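# Coordinate inspection notes
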Amino acid sequence: MKAPAFDYKRARTLDEASALLGGNAGSMVIAGGQTLGPMLNLRLTQPTLLVDITRIPGMTTVQETSSEVILGACITHANFEDGRVPDATGGFLARVAKGIAYRAVRTRGTVGGSIAHADPASDWVSTLIALHAEVDIHGGAGRRTMPLEQFVKGPLSTDLRISELVSAIRVKKDAAGDSFGYAKLCRKTGEFAEAIGVVRRFSNGKKVRLIAGRSDGSPIVIENGADFIAGRSIEREQLYPYLIERGLRDDSYSRGIHMAALQRALDESWGV
Amino acid sequence: MDQGIGARLLRKEDDRYMRGRGQFVGDIRLPRMQEVAFLRSPIAHGRIKDIRIPGHVRGQVFISSDMPEVVPIRADTALPGFKSSVQPPLAIGKVRHVGELVAMCVAPTRAEAEDIAELVVLDIEELPAVVDMLAGRQPDSPLLHERWGDNLFLTTSIDVDFEAVKSKVHRKVTRELRTSRQAMSPLEGRGVIAHWDSRLGQLVVTSSTQQPHVVRAGLAECLGLPEGDIRVIAPDVGGGFGYKGILLPEEIALSWATMKLGFPLKWIEDRRENLVAGADCREHHYLLTAYADETGRLLALDCEATVDAGAYSAYPFSACLEAGQIGSILPGLYDFPHYRCRTYSVATNKPPILPYRGVARTGVCFALEVTLDALARDLGVEPWKLRMKSLVRPEQMPFDNIAKRHFDSGDYPEALRRAVEMIGISEIRARQSDDEADGRRIGVGLAMYSEQAGHGTSVYASWGIPFVPGYEQCHARFTPDGGLELRIGAHSHGQGLETTLSQVAHSILGVGHDRIKVLHGDTAKTPYSTGTWGSRCMIMSGGAVAEACDQLAARVMRIGAKLLQTEVPNVKLVGGFVEGRAGRISIADIAKTWYRRPQDLPFDADPAGLEVTAGYKAKRDTGTFSYAAHAAAVAVDTFTGEVEILDYVVVEDGGVLINPMIVDGQICGGCAQGIGTALFEEMAYDANGQPQASTLADYLLPGPTEVPQIRIDHMETPSPYTRFGQKGLGEGGAIAPPAAITNAINDALSGFGVELLVSPITPRRIVEAVAAAKATVPTQKAAQ
């Protein structure tokens, strides 16, 4: 399959990108193209205009403030993996990035593209929600910032409006002393996850944040994760019914993989 | 370094492959060439009411009514009761599977051709689809080919004194097993370029095929051209496995169109076409009962096997190659007195079934070996010990089995003993008595098979399919500077024939490996051959090369003896030199004399010169039987269904090995495909016959991290019937893994009373089977 004909424009500024997106009904952003490329070739999406945002100044750079690391939306997974991005999490982001798809995908795929596509099985959505990351959105009316957890509305659905694009991801530096764990269950290496577990154990106090990522719905955030942990074990009998209440698919396989993902993430947070 | 038979030489062809210098169909560009995209049926079964083509692209779109002179593909067999299907290259009247070709769209680029395809409107009245082969056997089933009256291409039956087993004291187990439909996945898909050579008056078809000569015959039949007016070229081919052992409707359509349009046409299959229209192998169903005496010695097998043959009989191997062989393959390596097997080849609304590496054997081995483990569990016997009681013994060789297969040589019990030793069954049994620290369950499983290879005229004459293999030929000649050219009609697409046939020639003529060129894949340059299939090339092409080299050696020695002023009995051929008592002369000098200094030749030199075509048949043409014992150790997580292959061993006997390194590669590659069958690959269909996978994100293939290190041990029992004692073994690796891995998983899960009787065993299937066993009585053993 080959893509249908479309126009291509390379935006030089965020404003220009917004204007192009706002002025063309069938326009779409392209960054790394690792999801969009196959969609185009399968003709599952047929835009009239692709707006390339990867050359916009600032999109691949990092700014640091005293409290935040601000990551340009077009930073590739490989840049995280290779430690070329300041990491407020003591290497956790690099660990996650290393497991995204295959290296060939990681060298082109971008963190902002992953967020904006909002595939619930994506590694970044669950991971960055665990970090309370915020999203910078650039639009015709200027910039707005919102928590990622609210930005992702559901599978493949976000708060982005016409003429808007993700310009940066903000990760707070308060994560520095926390412990993290990440685990996913895939049918094979590099494939989309069927279950994702993310654990954030806060350095101050006993708070634990758990994320149960899944392929058919937004990640489930459990703020009171500590209530479901005994010692270093996830209490399956308590947590599973709670996740079902929160909308997790209820069958024996779903139970097995989600409990395993969370337990493995918890193990990793302890360095096991 | 030795370059002859038995040497572990690096593959010659890898020099170009590893440097990206191979030339595949997709690499070829011809002047004025345009590309083709096919509009394929979006539904599984329906009647074509109308095909609407917008006027402005009418000249670029072709449908069946544009080509009334084209004869449909027909691949009949002579087997009694076979029903013939008629497959037009572009659908006429009805469509019978998703992905069937309906219209051919031509444009300067593929993308533009796809744009045109999107403009064509199909009006198809949907008919109920035959999706499940068992339902397709029922009298009330919808019919694919109405005039048949049912959906059965063929039924076969064999009965060897079966009823008598019932009067013997016996135990028996019955199992219902299924293997899923798969899509063969060579790295390179299919691809075709067709053009008309006006100088030679030839249609030239360049196709990614395993059988250029068979494709030529098929094209001649369908296009009404003399075979001499067609040249088929198979350039570098990126894997075949049976997927490219077929006359393609696309080849016919492009050939017709290039003759009409006057410019070259190219079609390159994409992965979506491969998955949707080419999911064409492995789908079997078995109801199998094994009878044994109290000690576990096998008394009988009783089987009803059904094969989902898809919509049409594929050319040349027909719709019945799988089911037609099940009856004779099922007895495996075992000797037992009573037997019954009935098979059904069912037409369904899916792509035509093709033989995939191992052909019917992968499913048969799965059914038999998994049932034998169930029998062993039922009897409380260690599975390998149960097998040991019934294996054909070496002193019985050669052995005619209950289904009249003639096993040429081998020591089956020794292969099993070695596999048991290598995998360490006693250590695993000891480990199983303790709980694993991580809570997983450990299991070990074995499977054995034999692989018939190089079977020839007598076998295929009775099948009556479009070809019957006869003598395999090699055309060999020396170049004027002493290089050796070997031309063979079979094709090498991963087998390493450019290397192994060089080794054969070197061992006879002593010519250096770097001075031997193997030419193949072009009907204009090579002798006729039925091509590469059935693990036949090392036997047949290897034998032909040896025969041709023998004849060249005789001619070289005759000229050499004269030049050395002696007689032939006084010379010998050593290391590329004809040596006499008084001196020696190189083959290169002899070649130079023949071609460039004929004035120096003796007056009675043989005018046939340094160029021969020789033919070869094995001493007995019922085939060689290589065989192996595979053993797998697995760890199963019963909560997540994850299976880790902890260890995998193969004890293989392929007779005399021409190049053991290439054999190891064949085994590893085959095992990777077998692991795919066992754990990953499944093309599911919904009730309307829609395939449920159209990308490799949905259709999972094992990758490097899913395939463990395969540990291999070789036995080398020569075949008494082949030139060097070699046996065909190219398919074996793909045969046993589903059975061995399934047995290992079922061993691991035996504590739950769980048996999985389906391939692939997915994590979900494991978890659900364990959950069901916990919830109910732990004896349910139906196919998933």
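What comes next is a walk through the structure. (Residues numbered from 1 in each chain as written. Chains lettered and ligands numbered in written order. Predicted model: local features only at pLDDT ≥ 70, side-chain atom pairs only at ≥ 80, totals over all residues. Heavy atoms only, no water.)

A few words on the overall build of chain A. Counting secondary structure elements, chain A contains ten helices and 16 strands. Within chain A, buried positions represent 53% of all 272 residues. Within chain A, counting contacts between residues at least 6 apart in sequence, those at least 24 apart form 60% of the total. Charge-centre separation for chain A: the mean point of 34 positive side chains lies 4 Å from the mean point of 30 negative side chains. (Helix = DSSP H or I, 4+ residues; strand = E, 2+ residues; numbered from the N terminus. Buried < 20%, exposed > 50% of the residue type's maximum accessible area, 1.4 Å probe, protein only. Contact = heavy atoms within 4.5 Å. Lys, Arg positive; Asp, Glu negative; His and termini not counted. Charge placed at Lys NZ, Arg CZ, Asp CG, Glu CD.)

Another aspect to go through is the side chain of A:R209. All names here are of chain A. Within the secondary structure layout, R209 lies in strand 13 (residues 208–214). In this structure the side chain of R209 is engaged in a polar contact, spanning 2.4 Å, whose partner is the backbone oxygen of I129. Of note is the side chain of R209, whose polar atom sits 3.2 Å from the side chain of H132. (Polar contact = N/O pair within 3.5 Å; in protein donor to acceptor, adjacent residues only side chain to side chain.)

The next point concerns the packing of aromatic side chains. According to the stated counting rule, one finds 19 aromatic pairs over all chains in the structure shown. Note on B:F407 and B:Y412: the rings are 6.0 Å apart at their centroids and 65° apart in plane angle, and the pair reads as edge-to-face. On the accessibility criterion, B:F407 (2% relative accessible area) is buried. Residue B:Y412 is classed as buried on the basis of its relative accessible area, which comes to 0%. Taken together through their ring pairs, the aromatic side chains of B:F399, B:F407, B:Y412, B:F625 and B:Y627 make up a single cluster. Above the ring of A:W270, the side-chain terminus of A:R232 is found at 3.9 Å from the ring centroid. (Phe/Tyr/Trp six-rings, centres within 6.5 Å; stacked < 30°, edge-to-face > 60°. Lys NZ or Arg CZ within 6 Å of the ring centre and 35° of its normal.)

This paragraph deals with the interface of chain B and chain A. Each side of the interface is counted separately: chain B has 28 residues, and chain A has 21 residues. Summing the contributions of chain B and of chain A, the shared interface buries around 2100 Å²; its carbon and sulfur component is 51%. In this structure, the salt-bridge partner of B:D637 is A:R264, at a minimum N-O distance of 3.5 Å. At the boundary of chain B and chain A, one finds 14 residue pairs in polar contact (both at pLDDT 80 or more). Going through the elements one at a time, helix 2 (110–119), helix 16 (660–680) and helix 18 (763–775) of chain B are the ones with two or more residues in the side of chain B that touches chain A. Taken together, the residues of the side of chain B that touches chain A sort by class into twelve nonpolar, five polar and eleven charged. (Buried area = accessible area lost by both parts, 1.4 Å probe. Salt bridge = Lys/Arg side-chain N within 4 Å of Asp/Glu carboxyl O. Nonpolar A, V, L, I, M, F, W, Y, C, P; charged D, E, K, R; others polar.)

All names here are of chain A. Taken together, the four strands give an open sheet; going across it, the order is 11-12-13-14, and neighbouring strands pair in antiparallel fashion. Unpaired on one side and paired on the other, strand 11 (179–186) and strand 14 (220–222) mark the two borders of the sheet. Each strand of the sheet is rotated relative to its neighbour by a mean of 10°, with strand direction disregarded. One ladder, built from eight bridges, connects strand 11 with strand 12 (residues 193–201); its direction is antiparallel. Looking at the pairing, Y182 lines up with V198 of strand 12. Strand contacts of helix 9 (residues 236–245): strand 13 and strand 14, with the helix running at about 135° to strand 14, the strand carrying the most contacts. (Pairing = 2+ DSSP bridges. Axes fitted to C-alpha atoms, helices over the stretch in contact; angles between N-to-C directions.)

Time to look at helix 10 (residues 412–423) of chain B. In a regular helix each residue adds 1.5 Å, so twelve residues correspond to 16 Å; helix 10 of chain B covers 17 Å between its end C-alpha atoms and thus fits that length. Among the residues of helix 10 of chain B, the N-terminal cap falls to B:D411, whose side-chain oxygen and the backbone nitrogen of B:E414 are separated by 3.1 Å. (Expected span 1.5 Å × (residues − 1).)

Residues and elements named next belong to chain B. Across all of its chains, the model carries zero disulfides over all chains by this definition. In this structure C341 is not part of a disulfide, and its nearest cysteine sulfur, from C303, lies 4.2 Å away. Its sulfur unpaired, C668 is 6.6 Å from the next cysteine sulfur, which belongs to C671. Its relative accessible area of 29% is what places C668 among the partly exposed residues. (Disulfide = S-S within 2.5 Å.)

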